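Understanding the architecture of this molecule
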Amino acid sequence: MNTSDANNTPQCYSLKSPPFNYTRPISSAYFSTIFSTLGITSNLIAFIVLVKSFRRMRNRSRSFFLIFLAGLVVTDFMGLLVTGSIVVSFHFTRFNWRQVDPNCHFCNFMGMSMVFYGLCPLLLSATMAMERFCGINRPFARSTNMSKSRTVYMVLMVWLAAGCIALLPLIGIGSYHIQAPGSWCFFNISSKGSDMVFSLLFSFVGLTSIVVSFLLNTVSVVTLIKVCCGQDRTQRSRDHEVEMMVQLILIMIIASISWCPLLIYILVCMKTSEVPDANVVLFGIRMATCNQILDPWIYIMFQVSPLRSLLLKQCSPAILSGSGNCCCTSALPLATRSSTHGFISCSGGQSLRESTPALTGPGAQS
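Rules used in this analysis
Residues numbered from 1 in each chain as written. Predicted model: local features only at pLDDT ≥ 70, side-chain atom pairs only at ≥ 80, totals over all residues. Heavy atoms only, no water. Helix = DSSP H or I, 4+ residues; strand = E, 2+ residues; numbered from the N terminus. Buried < 20%, exposed > 50% of the residue type's maximum accessible area, 1.4 Å probe, protein only. Contact = heavy atoms within 4.5 Å. Areas by Shrake-Rupley, 256 points an atom, 1.4 Å probe, with all protein chains shown as cover. Core = buried A, V, L, I, M, F, W, Y, C linked by side-chain atoms within 4.5 Å. Axes fitted to C-alpha atoms, helices over the stretch in contact; angles between N-to-C directions. Left-handed = near helix turned anticlockwise from the far one by under 90°. Nonpolar A, V, L, I, M, F, W, Y, C, P; charged D, E, K, R; others polar. Polar contact = N/O pair within 3.5 Å; in protein donor to acceptor, adjacent residues only side chain to side chain. Salt bridge = Lys/Arg side-chain N within 4 Å of Asp/Glu carboxyl O. Disulfide = S-S within 2.5 Å. Phe/Tyr/Trp six-rings, centres within 6.5 Å; stacked < 30°, edge-to-face > 60°. Pairing = 2+ DSSP bridges.

Observations concerning the overall build of the protein chain
Along the protein chain, the regular secondary structure elements total 12 helices and five strands. By the burial criterion, 49% of the 366 residues in the protein chain qualify as buried. For the protein chain, long-range pairs separated by at least 24 residues make up 76% of all intrachain contacts whose partners lie at least 6 apart in sequence. Put simply, the protein chain shows about 17,300 Å² of open surface, and 66% of that area lies on carbon and sulfur atoms.

Here it is as structure tokens:
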């Protein structure tokens with residue numbers, strides 16, 4: 001009898017069968033609603049800001065970077081919209097998954113969404129770090145090989161890779177299960193069989209993306225410092241590259257803080273073969289969700305002119321001291337510089353050859 005019941009139980013309910021003993025306060029519904037609404041609104045505003053910046057953009061490398069940012073914003077927006085709507089609906093209606101989704105189709109869809117929209121930002125962050133690494137260290141080779149269509153293809157390839165990983169449990173590598181308190185589905189974190197393979201794959205891909213981003217961004221920053229403030233600082237303006245690198249570093253930091261607790265906890269469970277604590281996993285997922293909420297504010301804040309001006313002035317302290325050694329030319333007040341035939345004259349009489357147009361944004365010349 002028990003064997004027959006086990007055989008008739010859909011896989012997503014085989015480990016935990018709803019309805020759960022839900023004891024959480026009703027405030028959880030309002031927290032979920034507030035965070036989902038805040039994240040969706042923030043990403044929508046960020047997307048509008050990026051579209052306006054892209055229309056004014058004439059700098060080639062920055063236009064590529066904006067395409068990656070747009071892909072990241074769309075991913076975060078859709079992730080919060082899809083998963084947030086399910087979670088908020090559960091908190092307000094307390095529906096029974098066994099009745100609403102007897103064949104696990106809905107649960108599998110949410111599980112795939114959690115994996116797909118979780119891995120995409122990490123993979124896109126690593127791809128953006130790779131693009132900036134090539135743009136700073138191999139600018140001439142990159143300029144001949146890179147195009148906007150190829151950048152779009154790279155974003156699509158990242159989505160395809162994350163989608164293929166998310167589909168693996170449907171072909172037997174891993175499995176999606178309902179998770180306490182019954183508001184969401186995720187893959188089964190286990191140290192046995194195919195569940196262990198998928199758990200290790202998810203954790204490995206996520207942590208590898210973070211490590212790759214860290215290494216490439218570190219090399220790019222060191223190279224940019226040498227070019228911007230070294231002996232060859234007078235060769236060309238790198239203001240736009242400084243801004244892009246700062247944004248990319250902030251994206252990496254937020255992703256690392258948000259995702260590392262969950263990814264590392266999965267590895268610890270695999271090594272120790274212990275059963276994951278549902279509360280710890282839930283906390284890790286909530287931390288990871290903060291990544292989708294905080295990311296868009298990086299793009300929004302960097303469109304505020306005073307913030308950009310402060311950043312670029314900090315890039316070149318020599319400007320503030322009036323020594324005339326300037327590497328971040330757009331940080332200079334308009335009264336202290338003039339542009340003639342592609343040159344910028346700084347207050348100290350030093351000339352910089354502009355290889356790319358100055359930063360664009362709200363209030364900038366298009």
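The structure having been displayed, the exposition proceeds.
Comments concerning the nonpolar core
Judged by nonpolar contacts, the single largest core of 75 residues is most densely connected at Trp-97, Val-115, Trp-184, Phe-187, Phe-202 and Tyr-299. Sequence-distant contacts of Trp-184, defined by excluding residues within four places in its chain, comprise Val-87, Trp-97, Met-110, Met-114, His-177, Ile-178, Gln-179, Val-281, Leu-282 and Ile-285.

Focus: the packing of helix H5 (residues 105-137) against helix H7 (residues 148-167)
Relative orientation of the contacting elements H5 and H7 amounts to 145°, with a least axis distance of 8 Å. With respect to the hand of their crossing, H5 and H7 are arranged in right-handed fashion. Across the interface between the two elements, Met-112, Val-115, Phe-116, Leu-119, Cys-120, Leu-123, Leu-124 and Thr-127 of H5 pack against Met-154, Val-155, Val-158, Trp-159, Ala-162, Gly-163, Ile-165, Ala-166 and Leu-167 of H7. Tallied by class, residues from the contact of H5 with H7 come to 15 nonpolar, two polar and no charged.

Description of the side chain of Thr-75
Within the secondary structure layout, Thr-75 lies in helix H3 (residues 60-93). By relative accessible area, Thr-75 is classed as buried at 2%. Among the polar contacts made by the side chain of Thr-75, one reaches the main-chain carbonyl oxygen of Gly-71 at a distance of 2.7 Å. Ignoring any residue separated from it by four or fewer positions in sequence, one finds Thr-75 in contact with Tyr-117, Cys-120, Pro-121, Leu-124 and Trp-159.

A few points about the pattern of salt bridges
Under the counting rule described, the total for this entry stands at one salt bridge. When the shortest N-O distance is used, the salt bridge between Arg-132 and Glu-131 registers 3.1 Å. One exposure class covers both Arg-132 and Glu-131, and it is buried.

As for the state of the cysteines
Counted by the stated rule, this structure contains two disulfides. Across the disulfide, Cys-12 is cross-linked to Cys-104 (sulfur-sulfur distance 1.9 Å). Taking the sign of the S-S torsion, about -85° here, the bridge from Cys-12 to Cys-104 comes out left-handed. You can see Cys-12 sitting in the loop between helix H1 (2-8) and helix H2 (27-56) and its partner Cys-104 sitting in the loop between helix H4 (97-100) and H5, a full 92 residues away along the chain. As far as burial versus exposure is concerned, Cys-12 and Cys-104 are alike and both buried. Each sulfur of the disulfide joining Cys-107 and Cys-185 lies 2.1 Å from the other.

Some points on the packing of aromatic side chains
Scanning the entire structure with this criterion turns up 11 aromatic pairs. A ring pair is formed by Phe-90 and Phe-95, whose centres lie 5.6 Å apart and whose planes are at 90°; its orientation type is edge-to-face. No difference in accessibility class separates Phe-90 from Phe-95, as the two residues are buried. Considering the side-chain rings of Tyr-176 and Phe-198, the 6.4 Å spacing of their centres and the 80° angle between planes classify their relative orientation as edge-to-face. In this pair, Tyr-176 is assigned in strand E1 (residues 176-179) and Phe-198 in helix H8 (residues 193-229), connecting sequence segments 22 residues apart. Overall, Tyr-176 belongs to the buried group, its relative accessible area being 2%. Under the relative-accessibility criterion, Phe-198 is labelled buried at 1%. An aromatic cluster of at least three residues, connected via ring pairs, comprises Tyr-176, Trp-184, Phe-186, Phe-187, Phe-198, Phe-202 and Trp-259.

What about the pairing of E1?
Here E1 pairs with strand E2 (residues 184-187) via four bridges, running antiparallel. Residue Gln-179 lies in a different strand from E2, and its bridge partner there is Trp-184. Joining the antiparallel neighbours E1 and E2 is a turn of four residues, in which Gly-182 adopts a positive phi near 100°.

Details of the environment of Met-196
Here Met-196 is to be found in helix H8. In the structure, Met-196 is positioned 70 residues away from Ile-266 in sequence and 9.6 Å away in space, judged by C-alpha atoms.

Quick notes on the environment of Leu-282
By the element assignment, Leu-282 lies in helix H10 (residues 278-301). Taking the C-alpha atoms as reference points, Leu-282 and Leu-262, separated by 20 residues in sequence, lie 9.1 Å from one another.

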